[in-house]
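Report on the structure
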Amino acid sequence: MTGATPVDQDDRGLSVTARHRLRDVALDVALDVAPGACLALVGPSGAGKSTVLRIVAGLLRPDEGVVRCAGETWVARDRGVAVPPEARSCGYLFQDHALFPHLSAWRNVAYGLRDVPRRERRDLAITTLERFGVGRLADAHPDRLSGGERQRVALARAVVRRPRVLLLDEPLSALDATTRGRATRELADVLREHDVPALLVTHDFVEAATLATTVAIIDRGRIVQRGAATAIAASPATAFIAEMSGAVVLTGTAAPADHGLTRIDLDGGGVLLSTDAGRGPVAVSVHPWEITLHAVDGSGGGGVAGVEGGPGVEGRSGGSVVGDGPGGGGGPAAGSARNALPATVTSLTTVGNRMRVGLLAGQPLTAEVTVDAVGRLGLAVGAPVTAAWKASATRVVSAGDPGVD
Amino acid sequence: MSAGATARRAAFVAALVVALTVVVAFLTFPVVAIFVRSSPGALLDGLRDPSAQDALRLSLVCTSIAAAIIVVVGTPAAWLLATRRFRGRSVVITLVELPLVMPPAVAGIGLLAAFGPQGIVGRPLGDLGLQPVLTTAGVVTALVFVAAPFYLRQAQAAFEAVDRRWLDASRTLGAGELRTWLRVAIPVARGGLITGLALAWGRALGEFGATLMFAGSFRDITQTAPLAIYERFATDFDGALGLSAVLVSLSAAVLLTVRIVGRGAVVGGVRG
Amino acid sequence: MRTLRRTALLTSIVALAAAPLAGCGDDEPTSGEGGTTATNVTLKVSAATSLKTAMEDFGGGFTAARSSFSFAGSDELAAQIRQGVRPDVYAAASTKLPDALHAEGLLEEPVEFATNSLIVAVPAKGSKVATFDDLGDAGVKLAIGSDTVPVGSYTRTVLGRLPDATRKAIEGNVRSEEPNVSGVVGKLTQGAVDAGFVYASDVHAAGDALRVVDIPDELEPTVRYGAAVVKDAPHPEQARAFLDALKGPDGQFALQAAGLGPKP
């Protein structure tokens with residue numbers, strides 16, 4: 001199916017504009033993805049992100065819009081163009097994989113190989129399965145496969161036809177935490193190998209940040225912010241986006257303070273300082289890995305800014321992908337100001353070699369520290385701690401609309 | 001409290017067991033009686049009787065043709081009912097299911113009124129020389145009428161249970177709607193389709209009233225096994241028992257086959 | 001919506017299934033049967049289908065007991081008695097079956113209470129058959145009773161008296177062998193066949209729909225109706241009274257009004 005005529009680089013990209021009335025939201029998006037690039041659509045369920053994939057694949061005809069890919073027009077409602085899905089060549093990785101239950105792994109992969117001579121289909125399918133490390137499972141039926149194995153078979157099936165666009169719908173959500181890391185690397189490899197545009201749908205910002213070159217936050221059918229994952233994480237446009245990107249979001253009332261800082265009186269008690277400007281009702285965001293936890297001694301409970309030092313345990317200073325944003329550039333003097341809130345531990349969750357610590361400090365917040373640190377601090381549910389972070393890591397964002405979900 | 005609760009629980013379980021025992025006893029007793037009362041010799045004699053053989057053969061031929069028609073027409077119809085939402089859909093479903101609750105006599109009268117020599121459709125059919133009354137085609141017509149709803153219901157339920165995403169996946173993998181239906185929907189719904197076919201076939205094999213009224217009873221042309229049993233009932237009870245035993249065995253064999261075949265199915269059939 | 005529909009369906013199924021049961025209660029004999037309160041007794045009468053009109057008419061006027069009828073082919077009713085069903089009275093469209101059951105010890109002495117004549121019935125309008133001789137014509141469709149029912153065996157008696165070629169021609173035109181007379185009549189009124197062998201009383205019952213084509217006298221069989229009280233009948237006294245009345249003026253009037261002939 002690959003075009004015989006050499007095409008211009010831009011021509012191999014994907015371009016979508018679509019309006020479509022869904023049950024409770026009106027989808028209205030416009031996006032472009034270059035060959036080799038991956039655009040992640042991040043949003044809560046019901047935001048319409050899967051609908052975009054369905055429109056690109058031809059499984060749904062938008063009310064209005066144009067879809068162009070690989071130099072062809074797949075949809076142009078005003079001209080009555082609607083290429084059926086079977087003629088589009090999309091590598092679609094479905095949520096829960098959607099492997100055909102009545103076919104063995106290799107037959108699942110070979111299902112789309114109608115253009116390949118019958119004799120070669122099995123070999124090609126098995127070669128592809130082998131590339132994903134599941135060649136030995138060629139004759140197994142999907143119900144005999146683990147989640148990770150299904151994921152690989154589904155990947156093999158999606159790419160074996162050399163599709164002209166990759167559509168990935170929550171590809172990692174069906175996997176357990178241990179499988180996820182490996183699957184993420186495999187997906188990244190696939191995206192790198194296939195020099196085609198890719199659209200990734202996920203509700204997990206970290207997943208998007210790991211796999212995509214560009215992230216678009218989608219809410220209620222509209223793209224509300226788009227850019228590099230790091231840029232979005234560093235300066236989320238709204239509280240909703242901050243929350244989407246995994247940051248802790250607290251609400252309060254802002255007013256200008258000394259040294260060009262902003263003072264925020266939190267709803268439910270406590271005071272924070274931020275290097276960002278703001279006034280009136282605001283939302284404040286901070287990433288869990290910016291927060292450090294300190295043991296409480298007699299005098300350490302004051303809820304004011306400027307508490308320095310103490311037997312602190314530094315959180316992760318930045319994720320492998322996100323966190324190194326421009327958040328640190330808030331000004332040399334003010335940047336040293338720190339926030340500290342007295343809090344109570346409400347939950348402890350292991351995430352890899354790190355621990356997510358749920359806290360209650362008037363409002364709920366989450367810190368992410370090393371497992372080692374948890375031991376040293378003797379953290380347990382119900383224990384009092386002090387949560388601290390820099391004023392420069394404290395984003396003041398418009399309270400806006402926290403969005404659905 | 002716990003003693004009372006335990007006692008109540010035990011009583012409840014006992015009641016369930018009693019209910020099942022009554023059900024099983026009541027439903028199996030007539031079947032057992034057929035075999036108990038017909039000696040193997042009589043059974044064989046019944047089978048050796050040429051008119052019984054004719055009736056059995058006619059039954060098998062007519063039910064097979066009816067089943068084939070039901071599958072060929074009913075499968076796409078059930079698919080449409082299962083996958084498309086359209087105005088009047090529930091009315092259509094009710095109409096299709098109506099013969100399920102129709103007494104065979106009503107079915108016979110209805111068939112005559114529609115396809116009989118004086119019927120709405122029957123009159124023009126007769127002018128074309130295609131009048132089905134008192135012909136083997138008439139038997140098939142009656143069988144299709146009474147048995148098709150069993151298949152349609154089951155097939156519709158089986159198709160409704162097919163995950164949409166499998167169909168979507170097939171489409172994105174280059175298969176058109178027809179190919180998707182043939183290669184994914186039907187194989188996945190296989191269990192339910194086979195169950196429905198078995199139910200329809202069983203119903204057709206046992207059909208009596210509508211056949212008699214619409215197609216009459218004539219050896220080798222329209223006298224199916226149930227009609228032959230009925231004819232023997234008065235004068236040759238042993239012969240009737242023998243033929244009944246054969247029919248019961250056939251039906252049991254079909255049900256058993258369906259259970260075995262259906263075990264490997266992905267989407268199981270909904271019984272009833 | 002869906003649930004509603006299902007529920008409605010279920011309700012109709014239950015209603016249909018329950019309908020036949022509802023009729024059962026009437027048949028229960030009322031207790032306190034001392035012979036004086038005779039109208040509390042319900043007499044069960046198994047009668048040949050061809051007796052339907054006459055029996056219902058007569059039963060309405062019979063005062064010694066209430067009568068409840070079960071109409072079916074004579075042979076079918078006989079088979080039920082052989083299987084242990086115990087009605088009070090068995091009234092057949094032949095004498096052969098009552099005699100046989102009597103010989104088997106299942107009936108008391110049978111009596112003959114009516115006659116009937118076998119005739120050829122044709123649809124009143126536009127039949128291909130005008131006379132008996134037309135029955136063997138090519139393209140004529142016939143319905144007869146199966147050889148297990150009296151009407152069928154009388155028909156075969158008639159055919160047996162014909163020359164071989166004529167008999168074969170007529171037999172070749174038979175399209176259906178019905179298990180009872182009403183099957184033959186139904187096929188005739190629906191126009192499914194051109195002619196059928198039935199009793200004179202059936203044409204009478206069918207009103208204007210059917211016309212009689214006479215069977216030549218020399219072929220005509222004697223159709224006599226026999227009835228008897230069933231051995232171990234629940235109400236033998238009333239059953240005997242029923243048979244007596246059937247042979248009496250009331251019974252004979254009802255039978256003849258329905259197109260049957262007088263007792264021999």
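Okay, so let's go over this structure.

Calculation rules
Residues numbered from 1 in each chain as written. Chains lettered and ligands numbered in written order. Predicted model: local features only at pLDDT ≥ 70, side-chain atom pairs only at ≥ 80, totals over all residues. Heavy atoms only, no water. Helix = DSSP H or I, 4+ residues; strand = E, 2+ residues; numbered from the N terminus. Buried < 20%, exposed > 50% of the residue type's maximum accessible area, 1.4 Å probe, protein only. Contact = heavy atoms within 4.5 Å. Buried area = accessible area lost by both parts, 1.4 Å probe. Salt bridge = Lys/Arg side-chain N within 4 Å of Asp/Glu carboxyl O. Polar contact = N/O pair within 3.5 Å; in protein donor to acceptor, adjacent residues only side chain to side chain. Axes fitted to C-alpha atoms, helices over the stretch in contact; angles between N-to-C directions. Left-handed = near helix turned anticlockwise from the far one by under 90°. Nonpolar A, V, L, I, M, F, W, Y, C, P; charged D, E, K, R; others polar. Expected span 1.5 Å × (residues − 1). Bend = angle between axes of the 7 residues up to and from the residue.

Regarding the overall build of chain A
A tally of helices and strands in chain A yields nine helices and 21 strands. Within chain A, the proportion of its 405 residues that are buried is 52%. Expressed as a percentage of contacts within chain A between residues at least 6 apart in sequence, the contacts between residues at least 24 apart total 68%.

Thoughts on the interface of chain A and chain B
Between chain A and chain B, the contact holds 21 residues from the first and 19 residues from the second. Buried surface at the junction of chain A and chain B, summed over both partners, amounts to about 1800 Å²; 61% is from carbon and sulfur atoms. Ranking the residues of chain A by area buried against chain B places Glu86, His102 and Tyr111 of chain A at the top, with a combined share of 33%. Connecting chain A to chain B are three salt bridges. With a shortest N-O distance of 3.5 Å, Arg165 of chain B and Asp96 of chain A are connected by a salt bridge. On inspection of chain A and its partner chain B, the count reaches eight residue pairs in polar contact (both at pLDDT 80 or more).

Quick notes on the packing of helix α8 (residues 164-172) of chain B against helix α9 (residues 177-188) of chain B
All names here are of chain B. Contact geometry for α8 and α9: axes closest at 9 Å, N-to-C directions at 140°. Considering the relative orientation of α8 and α9, their crossing is right-handed. Residue-level inspection shows Trp166, Leu167, Ser170 and Arg171 of α8 in contact with α9, the latter providing Glu177, Thr180, Val184, Ala185 and Val188. Across the contact of α8 with α9, the residue classes break down as five nonpolar, two polar and two charged.

Concerning helix α1 (residues 2-37) of chain B
The α-helix winds at 3.6 residues per turn, so residues separated by three or four positions along the chain end up facing the same way. Taking 1.5 Å of rise per residue, 36 residues should cover 52 Å, and α1 of chain B covers 51 Å from first to last C-alpha, within 8% of that figure. Of all bends in α1 of chain B, the biggest is about 40°, found at Phe29 of chain B, and the proline Pro30 of chain B comes one to four residues later.

With respect to the interface of chain C and chain B
Taken together, the contacts link 28 residues of chain C with 26 residues of chain B. A combined buried area of about 2400 Å² lies between chain C and chain B, and 57% of that area is made up of carbon and sulfur atoms. For the interface between chain C and chain B, the tally reads zero salt bridges. Counting every contact that joins chain C to chain B gives seven residue pairs in polar contact (both at pLDDT 80 or more). Among the elements of the structure, α1 (2-22), α3 (74-82), β7 (174-178) and α7 (181-189) of chain C are those that each provide at least two residues to the side of chain C that touches chain B. Take the side of chain C that touches chain B: its biggest share by element is six residues, from α1 of chain C. Within the side of chain C that touches chain B, the residues separate by chemical class into nine nonpolar, nine polar and ten charged.

Read these as layout, nothing more, since geometry by itself doesn't imply function.
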